[in-house]
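# Chains, contacts and geometry: an overview
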Amino acid sequence: MNKTSAPARLAAALALAATALTAAAVPAQADEKPRKQYPVGGVAEGVSNFLLSPNAVTGVNDWNCKPDADHPNPVVLVHGTGVNLGANWVKMGPTLANEGHCVYAFNYGMGSPFNFGGRVGGLTGVAKSAETMSAFVDKVLAATGAKKVDVLGHSQGGMMPNYYIKRLGGAKKVERLVALAPTNHGTTLSGLVNLGKAIGVLGIVNGAFDHLNLQGLKDQQEGSDFQKALWADGDTVPGVRYTVIATKYDLIASPYGNGFLKGDNVRNIVLQDQCPKNPVGHVGLFTDGPTTQNVVNALGADKPDFKPKCEGYGLPL
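Every value quoted in this text rests on a predicted model; they were computed, and no experiment measured them. (Residues numbered from 1 in each chain as written. Predicted model: local features only at pLDDT ≥ 70, side-chain atom pairs only at ≥ 80, totals over all residues. Heavy atoms only, no water.)

### Some points on the packing of aromatic side chains
Note the following rule: Working definition: rings of Phe, Tyr and Trp (its six-membered ring) pair if their centres are within 6.5 Å, and the pair is stacked with planes under 30 degrees apart, edge-to-face with planes over 60 apart, and tilted otherwise. Put simply, DSSP marks the helices as runs of H or I at least four residues long and the strands as runs of E at least two long, and each gets a number from the N terminus on. Summary of the burial criterion: residues with accessible area below 20% of their type's maximum are buried, those above 50% are exposed, and those between are partly exposed, where the area comes from a 1.4 Å probe applied to protein chains only. Each ring is checked for a lysine NZ or an arginine CZ that lies within 6 Å of its centre and within 35 degrees of its normal; such an atom marks a charge sitting over the ring.
Applying the stated criterion across every chain, the model contains seven aromatic pairs. Centre to centre, the rings of Trp 63 and Tyr 104 are 4.7 Å apart; their planes meet at 40 degrees, and the pair counts as tilted. Of this pair, Trp 63 sits in the loop between helix H2 (43–52) and strand E1 (75–78) while Tyr 104 sits in strand E2 (residues 103–106), and the two are 41 residues apart along the sequence. Classification of Trp 63 as partly exposed rests on a relative accessible area of 28%. On the accessibility criterion, Tyr 104 (0% relative accessible area) is buried. Seen in terms of ring centroids, Tyr 163 and Phe 226 are 5.6 Å apart; in terms of plane orientation they differ by 25 degrees. Their pairing is stacked. In this pair, Tyr 163 sits in helix H6 (residues 156–167) while Phe 226 sits in helix H10 (residues 225–231), placing the two residues 63 residues apart along the sequence. Phe 226 sits in the buried class, given a relative accessible area of 13%. Over the ring of Phe 116 we find Arg 119; its NZ or CZ atom is 5.5 Å from the centre of that ring.

### Some words on the side chain of Asp 150
Rule in force here: The contact definition used throughout considers only heavy atoms, calling two residues in contact when any of these lie within 4.5 Å.
Along the chain, the position of Asp 150 falls in strand E3 (residues 149–154). Apart from residues lying up to four places away in sequence, Asp 150 is in contact with Asn 73, Pro 74, Val 75, Val 76, Glu 175, Arg 176 and Leu 299.

### A short note on the pattern of salt bridges
Threshold: A pairing counts as a salt bridge when a side-chain nitrogen of Lys or Arg comes within 4 Å of a carboxyl oxygen of Asp or Glu.
Tallied over the full model, the rule gives nine salt bridges. Here Glu 131 and Lys 128 are joined by a salt bridge, their closest N and O atoms 3.4 Å apart. Here the residue Glu 131 and the residue Lys 128 both occupy positions in helix H5 (residues 126–144), the gap between them amounting to three residues, near one helical turn. The closest approach of N and O atoms between Asp 302 and Arg 267, which form a salt bridge, is 2.9 Å. Here Asp 302 is found in the segment after helix H12 (289–298), whereas its partner Arg 267 is found in strand E6 (residues 266–270), with 35 residues between them in sequence. A residue is classified by how much of its surface remains accessible, and Asp 302, at 15% relative accessible area, is buried. Accessibility expressed as a relative area gives 22% for Arg 267, which makes it partly exposed.

### Details of the environment of Tyr 256
Within the fold, Tyr 256 resides in the loop between strand E5 (241–246) and E6. For Tyr 256, a relative accessible area of 27% corresponds to the partly exposed category. Taking C-alpha positions, Tyr 256 is 9.5 Å from Asn 184, a pair spaced 72 residues apart along the chain.

### A few points about H5
The condition is simple: Take the number of residues in a helix, subtract one, and multiply by 1.5 Å to get its expected span.
If you check H5, its first and last C-alpha atoms are 27 Å apart, about what 19 residues at 1.5 Å a residue would give, namely 27 Å. Inspection of H5 places Val 126, Ser 129, Ala 130, Met 133, Ser 134, Phe 136, Val 137, Val 140, Leu 141 and Thr 144 among the buried residues, and these make up the whole buried set. Against the buried residues of H5 lie E1, E2, E3, H6, helix H9 (215–219) and H10. Once H5 finishes, Gly 145 follows within two positions and takes phi at roughly 75 degrees, a positive value.

### Some remarks on the pairing of E5
Put simply, the rule is: Here, a strand pair is defined by DSSP locating no fewer than two bridges between the strands.
Counting buried positions along E5 yields five of six residues, so the element is predominantly enclosed. Of the strand pairs in this sheet, strand E4 (residues 174–180) and E5 are connected by five bridges, and their pairing is parallel. If you follow Leu 180 over to E5, its bridge partner there is Ile 245.

If you want it as structure tokens, here you go:
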């Protein structure tokens, strides 16, 4: 009977173990589907998209995307006044897609003669724009098979979804609303609305807005009939979780505290409370580093004590 030496037996055992490990690893690798990583844009891409790609942005509106267990709700992006989805979401659209979300966006409020060939949105009445949102959310739910969506909006895009939620049945279809510098409760536009009232010209200006189909500008004014009606029954509805992210240096949605909401399941964030040196203004939020990090948290782990890294600040505009 041949006896195998101890070193030979050890070598054979090691070879068998390596073979078993390799065999076990192959199926796991075969099953893994690497997630596509999209390039994340900045200010230059935002300007370019405003002009050249108003209806598309990287990582957004993949109608074959299917939500997974970690990200069950598709994310619907709602741009602000005067821009389009292509410009507004050059950073956050691909960032959220890279995080594993199915991300969708639409343009709205383009019915004014000042829409610059479909590039300048959010100009027409907010209620009508909310109807556009309602139809788009239904399309997203039908395509993905999801039960609810999460919503991320900037400026008017953070306020208008409240009308959809409160008046058009959206409360049953929205789980989270994250709003960047929303025009909730209206804006004074750094005092211009109040000045217009004081010198008796605001009515004339609003009459012109009506004539030119720019009701969206009138609806966002502090004290407007639209604002009074929207918030008359409170700020929030049961079942929806709200996050408002604001900057102290906001000259457009002003005073910035108007954007905050009161009610259950509300988190109001002032960026300078987290990063005192952040100079970002209203427009600059669309590429601001701390804002983007807060968005990822709010639509992901949603940690109440989350603190972003104080870097990559947006434009002070």
